[in-house]
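Close look at the chain arrangement
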Amino acid sequence: MTERAVHLQDFLAEARAGRLTGIRCGHCGALAIPPKEFCESCQQREWQTVPLGGAGTIVSYTVIRVAPRGHGGEVPYGVAVVRLEEGVSLLGRIVDIPLDALKSGRPVCFRPLEISGQLLIGFGPA
Amino acid sequence: MRRVAVIGVGVTKFGKHDRTSAELFAEAAADAITDAGIAPRAIQALYFGNVTGGETERQLHMAPLAATLLGLPTVPTTRFENACATSHVAFRHAVMEIASGVSDVILVGGAERVLNVPTESATEFFAYCSDASLEQPAGLTFPGVFALIARAHMDKYGTTEEQMAHVAVKNHRHGKLNPKAQFQKEITLDTVLKSAYVADPLKLFDCCPFTDGGAAIVLASEEVARKHRRAVWVLGTHAATDTMFVHEKRDLSRVTATERAAQGAYRQAGKTPADVNVVELHDCFTIAEIVATEGLGFFEPGTGGLAAEKGWTSLGGKLPVNPSGGLKAKGHPIGATGAAQIAEIVTQLRGEAGPRQVDGASTGLTHTLGGNTATVVVSLFGRD
């Protein structure tokens, strides 16, 4: 390994500060969201940290209307899988986009979101 | 490897119960042992599945408890947890223990009890089966996961909410014929289409219910099973895993673990999808049945919705799917579901399914999916 591993805590701390961090395989170039030990594609362990811009498009989305305990006060809320421009995807909560304006292919941009001290990956208007 | 057979099955009524998970399992297990016609002490191991007992009943270490309540306090036990695929995973390991020659007779199954806690708590506990670092904080629920799959399937193939509703109507029609089912009432397309959205595009009637229940099966080596007239053979059983992260799924319109588990099971059994006469598959949501019928090789990708609409998967259709009513109408006690599906297929292959019998069924398939489509087990069964 050429750099220290990006643990979940590092990823979340960076995200809280508004920065998304990916890892790129130094052997085959595959891009992933950390944490990850071996590269799924080439089975090597040569990750390098790469900043992700946060811009992407919605791959699929839903509007949650029945929430788990702790999220009841937040319904209805949107959750989407977003493919980032760099080619890796991330799941997050929709922020500041009318729920009836959600559609696959819509451009969005990452923004950190904190609810009751818990960090969420958020996606707002591009 | 030795051949393995199912020689006994037992399932409790599915629905709301005031008994504990361990009690529910013990009842199903006693029925399975009686059905097998063996002495309880012939059981050499218990493979037991339960998912949420720590949360809903403050009860862990449930496998020896279930054995104690069953009256077999000294049998070695193991508890399995693989989300909704739990007892099908347990089944596969029990098959391997017998096939390898370690044991001759094993009791396998599971139980779940969640109707003793509020819906929002049950929704939370089930969500523990998704990733706790990113997905749970985002408020993703299981209906939410399958809503993402449904949207992707609709975008890619033009699958409609009405086609999904046909799955619910069909499984409720089947459930009416199953005295153990949680719901034994027919519903209409309108009932489904006018029900409230839970996670768009999935509505209340696209979702299976929360359920209490237990299920058990007795597995035996060929030598033991030869003495049993109603033995049903395990032709193949295969497990596959896919990434836990929804964001890492390569194509949300597919469940690749289903495809890989099915390929492995068909290969082991020497069968193809065309050989299968009856199927119990994991319809936790209507879209899940549509995607599973494609992944198991019964219909081309993108045509599972059409198959539901045309009635091809109905009793009397070309390939009856979920004659028990499926998770949708029979109910889904998650730790028991895999074993309950196997019990239904065994009952069908014995020709003992009464009004829901698939005539002449000789080869059956079970498919159970766990969590964020991360765990899938597929098994094939046949008569001599």
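Thresholds, definitions, all that
- Per chain, the residues get numbers from 1 upward, laid out in the order the sequence is written.
- Chain labels run from A onward and ligand labels from 1 onward, assigned in the order the entries are written.
- For this predicted model, a pLDDT threshold of at least 70 governs which residues receive local features, and a threshold of 80 or more governs which side-chain atom pairs are given and counted, while totals over whole chains, interfaces and linings are taken from all residues.
- These domain limits were set by an automatic method or by a database of domain assignments.
- Residue pairs qualify as contacts under a 7 Å threshold applied to their C-beta atoms, which are placed from the backbone.
- The way it works is that DSSP assigns letters per residue, a run of H or I at least four long becomes a helix, a run of E at least two long becomes a strand, and they are numbered from the N terminus.
- Charged means Asp, Glu, Lys or Arg here, nonpolar means Ala, Val, Leu, Ile, Met, Phe, Trp, Tyr, Cys or Pro, and polar covers whatever is left, Gly included.
- Buried means a residue has 20 or more other C-beta atoms within 10 Å of its own C-beta, exposed means 12 or fewer, and partly exposed covers the counts in between; C-beta atoms are placed from the backbone.
- Think of a nonpolar core as buried Ala, Val, Leu, Ile, Met, Phe, Trp, Tyr and Cys residues chained together by C-beta atoms that fall within 7 Å.
- By the convention used here, strands pair only if DSSP detects at least 2 bridges between them.

**Overview of the domain arrangement of chain A**
Residue and element names in this part refer to chain A. Domain annotation for chain A reports domain 1 (8–52) and domain 2 (55–125). At the interface, ten residues of domain 1 touch nine residues of domain 2. Secondary-structure elements contributing two or more residues to the side of domain 1 that touches domain 2 are helix H1 (8–16), strand E1 (20–25) and strand E2 (31–32). No other element matches the three residues that H1 contributes to the side of domain 1 that touches domain 2. Looking at the side of domain 1 that touches domain 2 residue by residue, the classes come out as seven nonpolar, two polar and one charged.

**A short note on the domain arrangement of chain B**
Residues and elements named next belong to chain B. By the assigned domains, chain B splits into domain 1 (4–118 + 212–225) and domain 2 (139–208 + 236–382). Each of domain 1 and domain 2 has a C-alpha centre, and the two are 23 Å apart. Listed per partner, the contact involves 31 residues of domain 1 and 28 residues of domain 2. Elements with a contribution of two residues or more to the side of domain 1 that touches domain 2: strand E1 (4–11), helix H4 (86–99), strand E4 (105–112) and strand E7 (213–221). Looking at the side of domain 1 that touches domain 2 element by element, the count peaks at seven residues for H4.

**A closer look at the environment of Arg-16 of chain A**
Residues and elements named next belong to chain A. Topologically, Arg-16 is positioned in helix H1. Residue classification places Arg-16 among the partly exposed positions, given that 13 C-beta atoms sit within 10 Å. For the pair formed by Arg-16 and Leu-113, sequence separation is 97 residues and the distance between their alpha carbons is 7.5 Å. When residues no more than four places from it in sequence are discounted, the contact partners of Arg-16 are Pro-112 and Leu-119.

**A closer look at the interface of chain B and chain A**
In many analyses, interface size is given as the accessible surface area lost on bringing the parts together. Contact with chain B, which involves 27 residues of that partner, is made by 30 residues of chain A. When residues of the side of chain B that touches chain A are traced back to their parent elements, those giving at least two are helix H5 (119–127), helix H6 (142–157) and strand E5 (197–199) of chain B. Counting residues per element, the side of chain B that touches chain A draws most heavily on H6 of chain B, at seven residues. Partitioned by chemical class, the residues of the side of chain B that touches chain A number 14 nonpolar, seven polar and six charged.

**Let's talk about the nonpolar core**
In this structure, Ala-66, Phe-146, Ile-217 and Leu-219 of chain B are the most contacted members of the largest nonpolar core, which totals 167 residues. Those residues in contact with Ile-217 of chain B that lie beyond four places of it in its chain are Val-6, Gly-8, Val-9, Ala-32, Val-108, Gly-109, Ala-339, Ile-342 and Ala-343 of chain B.

**Structural notes on the pairing of strand E11 (residues 375–382) of chain B**
All names here are of chain B. Of all eight residues in E11, eight are buried; the element is thus mostly enclosed. Residues Thr-375, Val-377, Ser-379 and Phe-381 point to one face of E11 and Val-376, Val-378, Leu-380 and Gly-382 to the other, with burial holding for every one of them. Looking at chain direction, strand E8 (residues 232–241) and E11 are connected through eight bridges and run antiparallel. Bridge pairing links Val-234 to Phe-381 in E11. As judged from the eight bridges shared by strand E10 (residues 363–370) and E11, these two strands associate in the antiparallel manner.

**Considering the pairing of E4 of chain B**
Residues and elements named next belong to chain B. Taken across its eight residues, E4 has eight buried, putting it largely inside the fold. Residues Val-105, Leu-107, Gly-109 and Ala-111 of E4 are buried on one face, and the alternating residues Ile-106, Val-108, Gly-110 and Glu-112, pointing to the opposite face, are buried as well. Of the pairings in the sheet, the one linking strand E2 (residues 45–49) to E4 comprises five bridges and is parallel in character. Pairing of Gly-49 across the sheet is with Gly-110, part of E4. Bridge count between E4 and E7: eight bridges; the pairing is antiparallel. In the sheet register, Gly-110 faces E7, and the bridge partner there is Ala-215.

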